[in-house]
Amino acid sequence: MDPSARICLIFFGPPGAGKGTQAKLLSRDYGIPHISTGDILRAAVARGTELGLKAKALMDAGHLVPDEVMIGLVREALTAPATARGFILDGFPRTTPQAVALGALFAEMEITAYRVVEFQLDPEAIVHRLGNRLVCANGHTFSMSAGQLHPGGPCPECQAPLIQRDDDRAETVRNRIRVYDETTAPVRHYYEERGVLISIDASQSIDDVTSELYRRLFGN
Ligand code: AMP
(Lines give C-alpha, C1' and ligand atoms only; values in the text may rest on other atoms or scores of the structure.)
Protein backbone atom coordinates (compact mmCIF):
# COMPACT_ATOMS: atom_id res chain seq x y z
CA MET A 1 0.00 0.00 0.00
CA ASP A 2 1.11 3.56 -0.58
CA PRO A 3 1.19 5.20 2.89
CA SER A 4 0.62 8.65 1.35
CA ALA A 5 -2.68 7.45 -0.17
CA ARG A 6 -5.82 6.74 1.84
CA ILE A 7 -5.06 3.77 4.12
CA CYS A 8 -8.13 1.56 4.46
CA LEU A 9 -7.59 -1.45 6.73
CA ILE A 10 -9.67 -4.14 8.34
CA PHE A 11 -8.13 -6.01 11.29
CA PHE A 12 -9.52 -9.50 11.52
CA GLY A 13 -8.89 -12.35 13.95
CA PRO A 14 -9.99 -14.01 17.19
CA PRO A 15 -10.37 -12.14 20.48
CA GLY A 16 -7.04 -11.58 22.20
CA ALA A 17 -4.98 -11.77 19.00
CA GLY A 18 -3.68 -8.21 19.47
CA LYS A 19 -5.79 -6.38 16.87
CA GLY A 20 -6.51 -3.49 19.22
CA THR A 21 -2.90 -3.17 20.38
CA GLN A 22 -1.57 -3.06 16.82
CA ALA A 23 -4.39 -0.78 15.63
CA LYS A 24 -3.52 1.78 18.33
CA LEU A 25 0.15 1.78 17.26
CA LEU A 26 -0.65 2.10 13.57
CA SER A 27 -3.23 4.78 14.30
CA ARG A 28 -0.58 6.80 16.16
CA ASP A 29 2.17 6.26 13.58
CA TYR A 30 0.07 6.94 10.46
CA GLY A 31 -2.47 9.40 11.87
CA ILE A 32 -5.59 7.48 10.94
CA PRO A 33 -8.47 6.66 13.32
CA HIS A 34 -8.79 3.31 15.05
CA ILE A 35 -12.44 2.32 14.81
CA SER A 36 -13.12 -0.52 17.23
CA THR A 37 -16.73 -1.69 17.25
CA GLY A 38 -16.14 -3.27 20.69
CA ASP A 39 -14.91 0.12 22.02
CA ILE A 40 -17.94 1.90 20.50
CA LEU A 41 -20.25 -0.59 22.24
CA ARG A 42 -18.38 -0.39 25.56
CA ALA A 43 -18.64 3.43 25.43
CA ALA A 44 -22.41 3.10 24.87
CA VAL A 45 -22.62 0.69 27.84
CA ALA A 46 -20.66 3.14 30.03
CA ARG A 47 -22.97 6.03 29.03
CA GLY A 48 -26.03 3.87 29.69
CA THR A 49 -27.60 4.62 26.29
CA GLU A 50 -30.40 2.51 24.83
CA LEU A 51 -27.85 0.78 22.60
CA GLY A 52 -25.58 0.19 25.58
CA LEU A 53 -28.35 -1.38 27.64
CA LYS A 54 -29.25 -3.74 24.79
CA ALA A 55 -25.64 -4.60 23.96
CA LYS A 56 -24.39 -5.26 27.51
CA ALA A 57 -26.23 -8.53 28.11
CA LEU A 58 -25.18 -9.89 24.71
CA MET A 59 -21.56 -8.84 25.20
CA ASP A 60 -21.34 -10.26 28.71
CA ALA A 61 -22.59 -13.61 27.42
CA GLY A 62 -20.09 -13.58 24.53
CA HIS A 63 -22.83 -13.28 21.89
CA LEU A 64 -22.81 -10.94 18.92
CA VAL A 65 -24.84 -7.73 18.73
CA PRO A 66 -27.32 -7.92 15.79
CA ASP A 67 -25.97 -7.18 12.30
CA GLU A 68 -28.37 -4.26 11.56
CA VAL A 69 -27.20 -2.44 14.69
CA MET A 70 -23.53 -2.97 13.92
CA ILE A 71 -23.83 -2.05 10.24
CA GLY A 72 -25.51 1.24 11.22
CA LEU A 73 -22.74 2.04 13.71
CA VAL A 74 -19.99 1.31 11.20
CA ARG A 75 -21.64 3.36 8.45
CA GLU A 76 -21.76 6.32 10.81
CA ALA A 77 -18.10 5.89 11.85
CA LEU A 78 -16.70 5.38 8.34
CA THR A 79 -18.52 8.28 6.74
CA ALA A 80 -17.27 10.74 9.40
CA PRO A 81 -14.75 13.39 8.21
CA ALA A 82 -12.05 11.86 10.46
CA THR A 83 -11.59 8.99 7.99
CA ALA A 84 -10.47 11.24 5.10
CA ARG A 85 -6.90 9.82 5.23
CA GLY A 86 -8.06 6.30 6.03
CA PHE A 87 -9.04 4.13 8.97
CA ILE A 88 -8.41 0.88 10.80
CA LEU A 89 -11.58 -1.08 11.36
CA ASP A 90 -11.13 -3.45 14.30
CA GLY A 91 -13.76 -6.07 15.21
CA PHE A 92 -15.93 -5.63 12.12
CA PRO A 93 -17.05 -7.51 10.07
CA ARG A 94 -17.75 -10.52 12.27
CA THR A 95 -20.41 -12.18 10.11
CA THR A 96 -20.82 -12.72 6.36
CA PRO A 97 -23.81 -10.30 6.16
CA GLN A 98 -21.62 -7.66 7.84
CA ALA A 99 -18.88 -8.30 5.25
CA VAL A 100 -21.38 -7.98 2.39
CA ALA A 101 -22.79 -4.74 3.85
CA LEU A 102 -19.25 -3.37 4.27
CA GLY A 103 -18.52 -4.23 0.62
CA ALA A 104 -21.56 -2.18 -0.43
CA LEU A 105 -20.49 0.72 1.79
CA PHE A 106 -16.95 0.64 0.35
CA ALA A 107 -18.44 0.73 -3.18
CA GLU A 108 -20.59 3.70 -2.20
CA MET A 109 -17.54 5.46 -0.70
CA GLU A 110 -15.44 4.52 -3.78
CA ILE A 111 -12.94 2.57 -1.68
CA THR A 112 -11.30 0.01 -3.94
CA ALA A 113 -7.83 -0.33 -2.38
CA TYR A 114 -8.12 -1.90 1.06
CA ARG A 115 -6.41 -4.72 2.92
CA VAL A 116 -7.64 -7.20 5.52
CA VAL A 117 -4.99 -8.14 8.07
CA GLU A 118 -5.64 -11.49 9.68
CA PHE A 119 -4.05 -12.04 13.11
CA GLN A 120 -3.61 -15.79 13.59
CA LEU A 121 -3.56 -17.24 17.13
CA ASP A 122 -4.44 -20.68 18.44
CA PRO A 123 -7.21 -21.24 21.04
CA GLU A 124 -4.91 -22.05 24.00
CA ALA A 125 -3.01 -18.80 23.50
CA ILE A 126 -6.31 -16.90 23.26
CA VAL A 127 -7.58 -18.31 26.58
CA HIS A 128 -4.24 -17.55 28.24
CA ARG A 129 -4.04 -13.97 26.92
CA LEU A 130 -7.63 -13.02 27.73
CA GLY A 131 -7.41 -14.55 31.21
CA ASN A 132 -4.41 -12.30 31.86
CA ARG A 133 -5.75 -9.14 30.22
CA LEU A 134 -6.31 -5.99 32.26
CA VAL A 135 -7.79 -2.81 30.81
CA CYS A 136 -8.49 0.69 32.08
CA ALA A 137 -11.35 3.04 31.26
CA ASN A 138 -9.08 4.91 28.82
CA GLY A 139 -8.52 1.88 26.62
CA HIS A 140 -5.00 0.92 27.73
CA THR A 141 -4.43 -2.83 27.76
CA PHE A 142 -1.87 -4.89 29.66
CA SER A 143 -1.05 -8.46 30.52
CA MET A 144 -1.17 -9.20 34.23
CA SER A 145 1.82 -11.53 34.06
CA ALA A 146 4.04 -9.09 32.12
CA GLY A 147 4.11 -6.21 34.57
CA GLN A 148 3.06 -7.69 37.92
CA LEU A 149 -0.18 -5.77 37.55
CA HIS A 150 -3.42 -6.67 39.29
CA PRO A 151 -7.12 -5.79 39.09
CA GLY A 152 -7.81 -2.59 41.03
CA GLY A 153 -4.20 -1.42 40.68
CA PRO A 154 -3.29 1.74 38.73
CA CYS A 155 -2.89 1.77 34.94
CA PRO A 156 0.84 2.32 34.19
CA GLU A 157 -0.12 4.83 31.45
CA CYS A 158 -2.82 6.95 33.09
CA GLN A 159 -3.29 5.73 36.72
CA ALA A 160 -6.97 4.87 36.17
CA PRO A 161 -7.92 1.60 37.93
CA LEU A 162 -7.24 -1.58 36.00
CA ILE A 163 -10.08 -4.08 35.64
CA GLN A 164 -10.73 -7.38 33.93
CA ARG A 165 -13.29 -7.00 31.13
CA ASP A 166 -16.57 -8.76 32.05
CA ASP A 167 -16.35 -10.75 28.81
CA ASP A 168 -12.76 -11.90 29.55
CA ARG A 169 -14.03 -14.29 32.25
CA ALA A 170 -13.30 -17.92 31.40
CA GLU A 171 -16.90 -19.02 30.68
CA THR A 172 -17.53 -16.06 28.35
CA VAL A 173 -14.20 -16.52 26.60
CA ARG A 174 -15.15 -20.09 25.66
CA ASN A 175 -18.36 -18.76 24.11
CA ARG A 176 -16.54 -16.00 22.23
CA ILE A 177 -14.13 -18.54 20.73
CA ARG A 178 -17.07 -20.74 19.66
CA VAL A 179 -18.87 -17.75 18.09
CA TYR A 180 -15.62 -16.81 16.33
CA ASP A 181 -15.11 -20.31 14.90
CA GLU A 182 -18.72 -20.73 13.78
CA THR A 183 -19.68 -17.27 12.61
CA THR A 184 -16.63 -15.06 12.14
CA ALA A 185 -13.94 -17.42 10.80
CA PRO A 186 -15.92 -18.05 7.54
CA VAL A 187 -15.61 -14.32 6.73
CA ARG A 188 -11.93 -15.06 6.02
CA HIS A 189 -12.90 -16.87 2.78
CA TYR A 190 -14.86 -13.84 1.62
CA TYR A 191 -11.67 -11.76 1.72
CA GLU A 192 -9.35 -14.52 0.58
CA GLU A 193 -11.42 -14.83 -2.61
CA ARG A 194 -11.03 -11.10 -3.17
CA GLY A 195 -7.22 -11.33 -2.84
CA VAL A 196 -6.96 -8.72 -0.08
CA LEU A 197 -5.92 -10.91 2.86
CA ILE A 198 -2.59 -10.57 4.67
CA SER A 199 -2.04 -13.21 7.40
CA ILE A 200 0.28 -12.58 10.33
CA ASP A 201 1.45 -14.92 13.12
CA ALA A 202 0.03 -13.11 16.16
CA SER A 203 1.89 -15.29 18.68
CA GLN A 204 5.04 -13.17 18.13
CA SER A 205 5.97 -10.30 20.47
CA ILE A 206 4.12 -6.99 20.04
CA ASP A 207 7.22 -5.41 18.41
CA ASP A 208 7.71 -8.30 16.00
CA VAL A 209 4.06 -8.23 14.94
CA THR A 210 4.29 -4.45 14.37
CA SER A 211 7.47 -4.83 12.26
CA GLU A 212 5.92 -7.57 10.16
CA LEU A 213 2.70 -5.58 9.78
CA TYR A 214 4.44 -2.42 8.54
CA ARG A 215 6.71 -4.42 6.23
CA ARG A 216 3.82 -6.36 4.71
CA LEU A 217 1.59 -3.30 4.35
CA PHE A 218 4.02 -0.59 3.30
CA GLY A 219 7.22 -2.47 2.43
CA ASN A 220 9.29 -0.81 5.20
P1 AMP B 1 -14.28 -6.82 20.97
O2 AMP B 1 -13.86 -5.70 21.83
O3 AMP B 1 -14.00 -6.59 19.50
O4 AMP B 1 -13.76 -8.16 21.44
O5 AMP B 1 -15.88 -6.90 21.08
C6 AMP B 1 -16.52 -7.15 22.32
C7 AMP B 1 -17.95 -7.61 22.09
O8 AMP B 1 -18.69 -6.59 21.41
C9 AMP B 1 -18.12 -8.83 21.20
O10 AMP B 1 -17.92 -10.05 21.92
C11 AMP B 1 -19.55 -8.66 20.73
O12 AMP B 1 -20.47 -8.97 21.77
C13 AMP B 1 -19.63 -7.16 20.50
N14 AMP B 1 -19.21 -6.81 19.11
C15 AMP B 1 -18.12 -6.08 18.73
N16 AMP B 1 -18.05 -5.98 17.40
C17 AMP B 1 -19.12 -6.64 16.91
C18 AMP B 1 -19.59 -6.93 15.59
N19 AMP B 1 -18.93 -6.51 14.51
N20 AMP B 1 -20.73 -7.66 15.48
C21 AMP B 1 -21.42 -8.10 16.56
N22 AMP B 1 -21.02 -7.89 17.82
C23 AMP B 1 -19.88 -7.16 18.00
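Refer to the structure above for everything that follows.
Residues numbered from 1 in each chain as written. Predicted model: local features only at pLDDT ≥ 70, side-chain atom pairs only at ≥ 80, totals over all residues. Heavy atoms only, no water.

### A word on the nonpolar core
Link 1 in the chain: Counting 28 residues, the largest nonpolar core has Leu-78, Leu-89, Leu-102, Tyr-114 and Tyr-191 as its most contacted members.
Link 2 in the chain: Elements with a contribution of two residues or more to this core: β1 (7-12), α3 (50-61), α4 (67-78), β3 (86-90), α5 (96-108) and α9 (187-193).
Link 3 in the chain: Residues within four places of Tyr-114 in sequence aside, it is in contact with Met-1, Cys-8, Ile-10, Phe-106, Tyr-191, Arg-194 and Val-196.
Link 4 in the chain: Grouped together as the second largest cluster of nonpolar side chains are 24 residues, Phe-11, Leu-130, Ile-200 and Tyr-214 included. (Core = buried A, V, L, I, M, F, W, Y, C linked by side-chain atoms within 4.5 Å. Buried < 20%, exposed > 50% of the residue type's maximum accessible area, 1.4 Å probe, protein only. Helix = DSSP H or I, 4+ residues; strand = E, 2+ residues; numbered from the N terminus. Contact = heavy atoms within 4.5 Å.)

### Describing the side chain of Gln-98
Link 1 in the chain: Residue position: Gln-98 is located in helix α5.
Link 2 in the chain: Beyond its immediate stretch of four places on either side in the chain, Gln-98 contacts Val-65, Asp-67, Met-70, Ile-71, Phe-92 and Pro-93.

### Brief notes about the packing of helix α2 (residues 37-47) against α4
Link 1 in the chain: α4 packs onto α2 with a crossing angle of 100° between their chain directions and a minimal axis gap of 11 Å. In this view, α2 runs roughly perpendicular relative to α4, as classed from their interaxial angle. Across the interface between the two elements, Thr-37, Ile-40 and Leu-41 from α2 touch Met-70, Leu-73 and Val-74 from α4.
Link 2 in the chain: When grouped by side-chain class, the residues that make up the contact of α2 with α4 number 5 nonpolar, 1 polar and no charged. (Axes fitted to C-alpha atoms, helices over the stretch in contact; angles between N-to-C directions. Parallel < 35°, antiparallel > 145°, perpendicular 65-115°, else oblique. Nonpolar A, V, L, I, M, F, W, Y, C, P; charged D, E, K, R; others polar.)

### Here's the deal with the pairing of strand β7 (residues 197-201)
Successive residues of a regular strand alternate their side chains across the two faces of the sheet.
Link 1 in the chain: Only one face of β7 is buried, namely the one carrying Ile-198 and Ile-200, since none of Leu-197, Ser-199 and Asp-201 on the opposite face is buried.
Link 2 in the chain: Across 5 bridges, the pairing between strand β4 (residues 115-120) and β7 is parallel. Residue Gln-120 lies in a different strand from β7, and its bridge partner there is Asp-201. (Pairing = 2+ DSSP bridges.)

### Quick notes on the sheet that holds β4
Link 1 in the chain: Taken together, the 5 strands give an open sheet; going across it, the order is β2-β3-β1-β4-β7, and neighbouring strands pair in parallel fashion. Of all the strands in the sheet, just β2 (34-36) and β7 have a single pairing partner and so form its edges. Across the sheet, the mean angle from the axis of one strand to that of its neighbour is 20°, orientation sign disregarded.
Link 2 in the chain: Here β1 pairs with β3 via 5 bridges, running parallel. Each residue of the ladder has a partner; that of Ile-7, found in β3, is Gly-86.

### Re the pattern of salt bridges
Link 1 in the chain: In the structure shown here, the tally under the stated rule is 16 salt bridges.
Link 2 in the chain: Asp-166 serves as the salt-bridge partner of Arg-169, at 3.1 Å between the closest nitrogen and oxygen.
Link 3 in the chain: The exposure class of Arg-169 is partly exposed, given its relative accessible area of 38%.
Link 4 in the chain: Across the pair Glu-192 and Arg-188 runs a salt bridge whose closest N-O atoms are separated by 3.2 Å. With a gap of 4 residues between them, Glu-192 and Arg-188 both fall in helix α9, about one helical turn apart.
Link 5 in the chain: Where salt bridges share partners, they join Arg-133, Arg-165, Asp-167, Asp-168 and Arg-176 into one cluster. (Salt bridge = Lys/Arg side-chain N within 4 Å of Asp/Glu carboxyl O.)

### A few points about the state of the cysteines
Link 1 in the chain: Counted under the stated rule, the structure contains 0 disulfides.
Link 2 in the chain: Cys-136 forms no disulfide, and the closest cysteine sulfur to it belongs to Cys-158, at a distance of 3.7 Å.
Link 3 in the chain: Among the residues examined, Cys-136 registers a relative accessible area of 6% and is labelled buried. (Disulfide = S-S within 2.5 Å.)

### Brief notes about α4
Link 1 in the chain: With 12 residues, α4 should reach 16 Å at 1.5 Å per residue; the first-to-last C-alpha distance of 16 Å fits that figure.
Link 2 in the chain: The set of residues buried in α4 consists of Asp-67, Met-70, Leu-73, Val-74 and Leu-78. Buried residues of α4, seen end-on, are gathered within an arc of 130° and therefore sit on one face of the element. Exposed residues on α4 whose side chains face more than 90 degrees from its buried face are Glu-68 and Glu-76.
Link 3 in the chain: Looking at the buried positions of α4, the neighbouring elements they touch are β2, α2, α3, β3 and α5. (Expected span 1.5 Å × (residues − 1). Arc of directions from axis to C-beta.)

### Here we look at α3
Link 1 in the chain: Taken together, the buried positions of α3 are Gly-52, Ala-55 and Met-59. Axial view of α3: buried residues confined to an arc of 75°, hence all on one face. Those residues of α3 that are exposed and aimed more than 90 degrees away from the buried face are Glu-50, Leu-53, Lys-54 and Ala-57.
Link 2 in the chain: Check the buried side of α3 and you find it contacts α2 and α8 (170-184).
Link 3 in the chain: Phi turns positive, to about 85°, at Gly-62, one or two residues after α3.

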